[in-house]
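# Inside the fold
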Amino acid sequence: MACVLETPLRMSVLSEVTASSRHYVDRLFDPDPQKVLQGVIDMKNAVIGNNKQKANLIVLGAVPRLLYLLQQETSSTELRTECAVVLGSLAMGTENNVKSLLDCHIIPALLQGLLSPELKFIEACLRCLRTIFTSPVTPEELLYTDATVIPHLMALLSRSRYTQEYICQIFSHCCKLRHWHSCGFKSSPQPLLCANGPDHQTILFNHGAVQNIAHLLSSTSYKVRMQALKCFSVLAFENPQVSMTLVNVLVDGELLPQIFVKMLQRDKPIEMQLTSAKCLTYMCRAGAIQTDDNCIVLKALPSLVRMCSKERLLEERVEGAETLAYLIETDVELQRIASITDHLIAMLSDYFKYPSSVSAITDIKRLDHDLKHAHELRQAAFKLYASLGANDEDIRKKIIETENMMDRIVNGLSESSIKVRLSAVRCLHSLSRSVQQLRTSFQDHAVWKPLMKVLQNAPDEVLVVASSTLCNLLLEFSPSKEPILESGAIELLCSLTQSENLALRVNGIWALMNMAFQAEQKIKADILQGLSTEQLFQLLSDSDVNVLMKTLGLLRNLLSTRPHIDQIMSTHGKQIMQAVTLILEGEHNIEVKEQTLCILANIADGTTAKELIMTNDDILQKIKYYMSHSNAKLQLAAMFCISNLIWNEEEGSQERQDKLRDIGVVDILHKLSQSSDPNLCDKAKTALQQYLA
């Protein structure tokens, strides 16, 4: 049965399937092998650069017949080789062509062909496999389905420069990461995700990829060297095991990092410089090379900055900026060095003006390509700005003072490209760490408006960064806090706390915690109403400690100032006391229990709320237990509860003091007044004075 295009062809296209196209297919069925061979050769010449002819031949059923001939042992090596060449040519057409070839199970047939002893046929099969695997529609897993394939490809690496080039290219396109940190900021443009089980990097590494590919870096063929280099870049990405191995590999007496540095030299092709910089970057981020190593500070970083220059092609500028953003993302010193290298911050502003009216592009095709891909420059610039401004206040100031920067970010937040929106939000998030900018530039440009719009309807990866940014805009000193509240943020944030995405739950509750800090009673009531008691306690039993800590932080902020404490405890007291009991009894870390005891201390500061503690013997015993705990932080937090309960100037203090004395609290206070910890000692003495007053 013929393989057909996934997208049905219109009748007008079908009518153009010429007699000559049928003739090519018919000749494949000739009983004379020589005529079949000539037919395949003629077909090869007919399809070169002719996508319409390729589509016609696929529709007419050429692929199954070519695969049959390729797999027949009775076919001559020349015929089998020519069939592989034609199939490779068909794969170079449209993505639909590749889908049709995959539907006909071309990959198992070609992989089987690699078992042939004939080198020319093996090379033709590899060339076709290379074309198919580099197509975005081909699942990489197809390379790993049969466990014997990878070791066989490793063995074929030594056969010829062509087997080396094609196999390395296949490996670099089929090496994808299993794990992806959805809530982290990963600037690298690497492909993501593979199936469960060992990830691709591990499979290739375990089959000796490093040892088998390393010597190819000294090949006389530029293409082989280049593909080997690309292989190492995908193998090292986020992989400490591979990176640590690469650092110590010797090729012709030189360590790999030294070879990568040589490949960074300005007389080398740009593609080689960029890929070498990526190898060093990924090894550095994986912990195999120190961030202050000369090969990073004096070689890789300046090379990547150089790639951002307007003299470079669009794709080189994009890759340079993205790789540099990834290199400096977590290191303050590298951020500072990059920010003062070749006027990088000003240089990046050119990314938003491209192509300009005075552009030097004379090639119309290149201009057309760049116009279609100009958004990639913008997203790369936002990414790099985000990394540059991640920590240093002076750098953030320089970025914001760059020509029209805030306007560009605001525009970026509403662009149609998801990549630009995500990068613009990342940039905004990075800059929102500045108290100064929150009070000035962020307010002047009302960035909260487009940010709230982004939060209304966006994929999770954008929502995570946007909600992190909102957390910063809701800090008490931010002028944006009030208008954000008025725009319905509480409902939005409460809905985030119910997300299955952990990062969104954390950010939702974190933003509510910031919102509740020193807030009016009405805002606190709205938060409690929006969350609902049920959801609040769902969060308090969340398995993630970050969610739990932020929820406790929210409770602590809600239970501040006496009228608010009394009001909230009068309506939610029973449930809150129940939750506090469960947490103090549970297997939680010191920080969680300390935060919970601080909530109790706040409740104890209420006028009527403190009775909920005094009438709960179980809670009183727990406070007493934590006063004698081995951890000073918990002792101190428990002491705050006691101090608030026994304070003399408050009504009913005598009765409370008597009850606490009866359960042995005073004895513990005497012991703590002799403590070597000055904070505990002072707190205990102050409490004892309340009894003496």
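Criteria and thresholds
Residues numbered from 1 in each chain as written. Predicted model: local features only at pLDDT ≥ 70, side-chain atom pairs only at ≥ 80, totals over all residues. Heavy atoms only, no water. UniProt positions renumbered as here; feature names shortened; annotations may be inferred. Helix = DSSP H or I, 4+ residues; strand = E, 2+ residues; numbered from the N terminus. pLDDT = per-residue confidence, 0-100. Contact = heavy atoms within 4.5 Å. Axes fitted to C-alpha atoms, helices over the stretch in contact; angles between N-to-C directions. Parallel < 35°, antiparallel > 145°, perpendicular 65-115°, else oblique. Left-handed = near helix turned anticlockwise from the far one by under 90°. Nonpolar A, V, L, I, M, F, W, Y, C, P; charged D, E, K, R; others polar. Salt bridge = Lys/Arg side-chain N within 4 Å of Asp/Glu carboxyl O. Buried < 20%, exposed > 50% of the residue type's maximum accessible area, 1.4 Å probe, protein only.

With that settled, the discussion passes to the UniProt feature "repeat: ARM" (unreviewed entry) in the protein. UniProt's entry tags residues 61-97 with the feature "repeat: ARM" (unreviewed entry), counted in the numbering of this structure. Here residues 61-97 is 76% helix and 0% strand, with 12 Å between the C-alpha atoms at its ends.

The next point concerns the confidence of the model for the protein. Put simply, the protein has an average pLDDT of 90, and 93% of its residues get 70 or more. Counting contacts from residues 4-15, a segment whose pLDDT is below 50, to residues more than four positions away or on other chains yields 13 contacts. Below pLDDT 50 for its whole length, residues 179-196 participates in 50 contacts with residues either more than four positions away or in separate chains.

Turning our attention to the packing of helix 14 (residues 222-236) against helix 17 (residues 270-285). For the pair helix 14 and helix 17, interaxial distance at closest approach is 9 Å and the crossing angle is 25°. One finds that helix 14 runs roughly parallel with respect to helix 17. As for the relative orientation of helix 14 and helix 17, their crossing is left-handed in sense. Touching Tyr 222, Arg 225, Met 226, Leu 229, Lys 230, Phe 232, Ser 233 and Ala 236 of helix 14 are Glu 271, Met 272, Thr 275, Ser 276, Lys 278, Cys 279, Tyr 282 and Met 283, all from helix 17. Tallied by class, the residues present in the contact of helix 14 with helix 17 amount to nine nonpolar, three polar and four charged.

A separate point is the side chain of Ser 160. Residue position: Ser 160 is located in the loop between helix 10 (149-156) and helix 11 (161-173). Setting aside its immediate chain neighbours within four residues, Ser 160 contacts Leu 119 and Glu 123.

Inspection of the entire model under this criterion finds 28 salt bridges. For Arg 312, the salt bridge identified is with Glu 316, shortest N-O distance 3.0 Å. Overall, the relative accessible area of 27% leaves Arg 312 in the partly exposed class. The partner of Glu 403 in a salt bridge is Lys 353, and the shortest N-O contact between them spans 3.2 Å.

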